Amino acid sequence: MNRPVRVRFAPSPTGPLHIGGVRTALYNYLFARRMGGTMILRIEDTDRTRFVPGAEEYINEALAWLGIGIDEGVREGGAYGPYKQSERRDIYRRYVKRLLDAGKAYIAFDTPAELEAKRGEIANFQYDASTRNTMRNSLTMPSDEVQRLIETGTQYVVRFKIEPDRDIVVHDLIRGDVSINSNILDDKVLYKSADDLPTYHLANIVDDHLMEVSHVIRGEEWLPSAPLHVLLYEAFGWQDTMPAWVHLPLLLKPDGKGKLSKRDGDRLGFPVFPLDWIDPETGDRSSGYREAGYLPEAVINFLALLGWNPGDDRELMTIDELVEAFSFDHCSKKGAKFDFEKGKWFNHEYISAMSDVDLATRFAATPRGEQCVAERGPDYLTSAVSLVKTRVNLIGELWEQIRFFYEAPVTYAEKDIRKRWKPDTPAILTALIEVLQGIEPFTAATGEPIVLEWIKNNEYHLGNVMNAFRLTVVGECKGPHMFDIIEVLGRDETISRLQRGIDTITLPQ
Ligand code: GLU
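An account of the accompanying structure is given in this report. (Residues numbered from 1 in each chain as written. Predicted model: local features only at pLDDT ≥ 70, side-chain atom pairs only at ≥ 80, totals over all residues. Heavy atoms only, no water.)

### Some words on the overall build of the chain
Inclusion rule: Only DSSP runs of H or I with at least four residues qualify as helices, and only runs of E with at least two residues qualify as strands; both kinds are numbered from the N terminus onward. Atoms counted for the radius of gyration: C-alpha only. Globule rule: 2.2 Å times the number of residues to the power 0.38. The buried label applies to any residue whose accessible area, calculated with a 1.4 Å probe on protein chains only, is under 20% of its type's maximum; exposed applies above 50%, and partly exposed to all values in between. Every residue pair with non-hydrogen atoms within 4.5 Å of one another is taken to be in contact. Surface accessibility follows the Shrake-Rupley procedure with a 1.4 Å probe radius. Residue values consider only the protein chains on display as shielding. Working convention for charge: Lys and Arg count positive, Asp and Glu count negative, and His plus the chain ends are omitted. Where a charge lies is defined by one atom per residue type: Lys uses NZ, Arg uses CZ, Asp uses CG and Glu uses CD.
Scanning the chain for helices and strands turns up 20 helices and 15 strands. Relative to a compact globule of 509 residues, whose C-alpha radius of gyration would be 23 Å, the chain shows 32 Å and is clearly more extended. With the C-alpha coordinates of the chain rotated into their principal frame, the extents come out at 110 × 45 × 40 Å. The burial tally for the chain puts 50% of its 509 residues in the buried class. Considering only intrachain contacts with a sequence separation of at least 6, the fraction spanning at least 24 residues in the chain is 72%. Surface exposure of the chain reaches about 23900 Å², of which carbon and sulfur atoms provide 49%. Looking at charge distribution, the chain has the averaged site of its 61 positive side-chain charges lying 3 Å from that of its 77 negative ones.

### Digging into the site of the ligand
Threshold: Only heavy atoms are used to decide nearness, and a residue is near a molecule or strand if one of them lies within 4 Å of it. Polar contacts, as counted here, are pairs of nitrogen or oxygen atoms within 3.5 Å of one another; within protein the pair requires one atom able to donate a hydrogen and one able to accept it, and residues that are adjacent in sequence qualify only if both atoms are side-chain atoms.
Taken together, the residues surrounding the ligand are Arg8, Ala10, Pro11, Ser12, Glu44, Tyr200, Asn204, Arg218 and Trp222. For the ligand, a nitrogen atom lies 2.8 Å from a polar atom in the backbone of Ala10. One nitrogen or oxygen atom from the side chain of Trp222 is found 3.4 Å from an oxygen atom belonging to the ligand. In isolation the ligand offers 290 Å² of accessible surface; the protein chains occlude 85% of this area.

### So, the pairing of strand S11 (residues 244-248)
Taken residue by residue, a regular strand's side chains alternate between the two faces of the sheet. How we decide: Orient the strands so they point away from the viewer; a crossover is then right-handed if the path from the first strand over the helix to the second runs clockwise.
Counted residue by residue, S11 has five buried out of five residues, so it is predominantly covered. Alternating positions in S11 separate into two faces, Ala244, Val246 and Leu248 on one and Trp245 and His247 on the other, with burial throughout. In the classification by handedness, the crossover that spans strand S10 (residues 215-219), the intervening helix H7 (residues 226-235) and the parallel S11 is right-handed.

### Regarding the sheet that holds strand S8 (residues 189-192)
To keep it simple, the criterion reads: By this definition, two strands are paired if DSSP reports at least two bridges between them.
Judged by pairing direction, the sheet is antiparallel, and its four strands sit side by side in the order S4-S5-S8-S9 without closing on themselves. In this open sheet, the two edge strands, each paired with only one partner strand, are strand S4 (105-108) and strand S9 (197-198). Two elements, S8 and S9, share two bridges in a ladder whose sense is antiparallel. By the bridge assignment, Tyr191 is partnered in S9 with Pro198.

### Focus on the side chain of Asp276
Inspection of the secondary structure assignment puts Asp276 in the loop between helix H8 (262-268) and strand S13 (277-278). One polar contact links the side chain of Asp276 to the main-chain amide nitrogen of Gly288, over a distance of 2.8 Å. Those residues in contact with Asp276, other than ones at most four positions away along the chain, are Tyr58, Arg285, Ser286, Ser287, Gly288 and Glu291.

### Quick word on the packing of aromatic side chains
We apply this condition: Working definition: rings of Phe, Tyr and Trp (its six-membered ring) pair if their centres are within 6.5 Å, and the pair is stacked with planes under 30 degrees apart, edge-to-face with planes over 60 apart, and tilted otherwise.
According to the stated counting rule, one finds 27 aromatic pairs in the structure shown. Measuring from ring centre to ring centre gives 4.6 Å for Tyr200 and Trp222, while their planes differ by 45°; the resulting arrangement is tilted. Here Trp222 lies in the loop between S10 and H7 and Tyr200 lies in helix H6 (residues 200-210), a separation of 22 residues in the sequence. Residue Trp222 is classed as partly exposed on the basis of its relative accessible area of 32%. Between Tyr233 and Trp245, the aromatic rings sit 6.4 Å apart at their centres with planes inclined by 85°, giving edge-to-face as the arrangement. Of the two residues, Tyr233 is situated in helix H7 and Trp245 in strand S11; the sequence distance between them amounts to 12 residues.

### Comments concerning unusual backbone geometry
Residue Pro82 follows Gly81 across a cis peptide bond; omega there is -5°. Its place among the elements puts Pro82 in the loop between strand S3 (72-73) and helix H3 (89-101). Going from Glu440 to Pro441, the amide bond is cis rather than trans, its omega being -10°. With respect to the secondary-structure elements, Pro441 resides in the loop between helix H16 (425-437) and helix H17 (444-457). The backbone phi angle of Asn124 is positive, close to 50°, even though this residue is not glycine.

### Structural notes on the environment of Arg23
With respect to the helices and strands, the residue Arg23 is situated in helix H1 (residues 19-34). In the structure, Arg23 is positioned 282 residues away from Leu305 in sequence and 9.6 Å away in space, judged by C-alpha atoms. In contact with Arg23, not counting residues within four places along its chain, are Leu248, Pro249, Leu251, Leu303, Leu306 and Gly307.

### Observations concerning the pattern of salt bridges
The line we're drawing: Salt bridge, as used here: a side-chain nitrogen of Lys or Arg that lies within 4 Å of a carboxyl oxygen of Asp or Glu.
According to the stated counting rule, one finds 37 salt bridges in the structure shown. Linking Glu145 and Arg148 is a salt bridge whose minimum nitrogen-to-oxygen distance equals 3.4 Å. In this pair, Glu145 and Arg148 both sit in helix H5 (residues 143-151), three residues apart, roughly one turn of the helix. Glu145 gets classed as partly exposed once you look at its relative accessible area, which sits at 28%. Judged by relative accessible area, Arg148 falls into the partly exposed class, the value being 43%. Bridged by salt links that share partners, the residues Arg8, Arg42, Glu44, Arg88, Asp207 and Asp208 form one connected network.

If you want it as structure tokens, here you go:
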């Protein structure tokens, strides 16, 4: 059946969006773009007990940061709204009634204490075809009694009447046909009078149907719910518009042993959230990729390849290339190990490939970068960043690499002094100052041949002279090409650092 591709990302605002949820959003997005379809963002907030303030804003901000565009949603609007489930109560009430009227659902009054007692009485108790006749519900009670209880405000739930012993097949585009027997399902609660809201299952199915969702793409943890969802589609008589099911592989811990959890991030020192999140209750901070210095493009590329491949050995792919190559054929059934080092590698590659100006601009958006711009202006920052960009994995690591462009060294690495500072070094560097005075213009291209020629003519030790020079300018014997460094620093600063080194560095005893 050919119908427009409409997919939805349907998070519950119960906390910060986990990186696995971000991957689900991304796969929905890639598939929608690939097929020229529509990407819906639906907020599933019917479970009021798990509602966390700020979570919805967090979801929006994270998707926006990553560039996962939404076509229809709470903020975007659209013809199928409202897109927030707590605003769709009237709709759900109608559909609950429809199931009740058709005898596909029933009203149950069993209190939590009664259910608990049953569980004590019957081993592995399940509310289903074998037990429902022994419970307090509209199937066992006279209808005037049911009516009276409802009218007097007794709380109840509506349960789905699942037919026993039916084989239910879920056609999953990644897993193939997954079959289960209905006997293992219980009569799921679809609606609770207490908060006049449906449960996840009913709201989810009604909305997928009304929003004309063509493909349900979600994490593997929802696979056990899928047979029930298939039955609900059938109960409403909507089997012809049943979406295709796609259950994405789990994200596993880096060692592959078990599901990736929030605690793994804390334990192993990497973010499992897109953005920083401060728990509104405890004040605890969980770190996010954005604040840790990742580029959104790198995070997207990394996540896209956790559970999918383009069918060839490409790794670095732009979002357009990902869209172009995306299909469920190359999604794996197996869980994907969360290879965090690979994530860093992606970021390294993206940082290295960025233009100097873009990278400086990104860094300038951090507090430290802002300070750099305030001190020496944006062009100086761009020049400094251009020399070190292949040396970092994270934006935040830039500072350590460019620090000496902003702070002249006041101490010098002792092991480098031991290795490179010879009795004649001060005299040679003093002569070098004179050579530097004569370089015009003061650039790497002009200066390098002149200095090297001077070293050669005087038969100085190239390594010792250049490293001693570096030691005075950088404070240690590392960093980018020396002549590039002095071009950025300028003549005066270079000479003043040389002089300070000559005056203060002493040979260790
Ligand atoms: N609200 C569910 C969640 O938080 C949605 C699951 C689904 O996509 O059907 O993940």
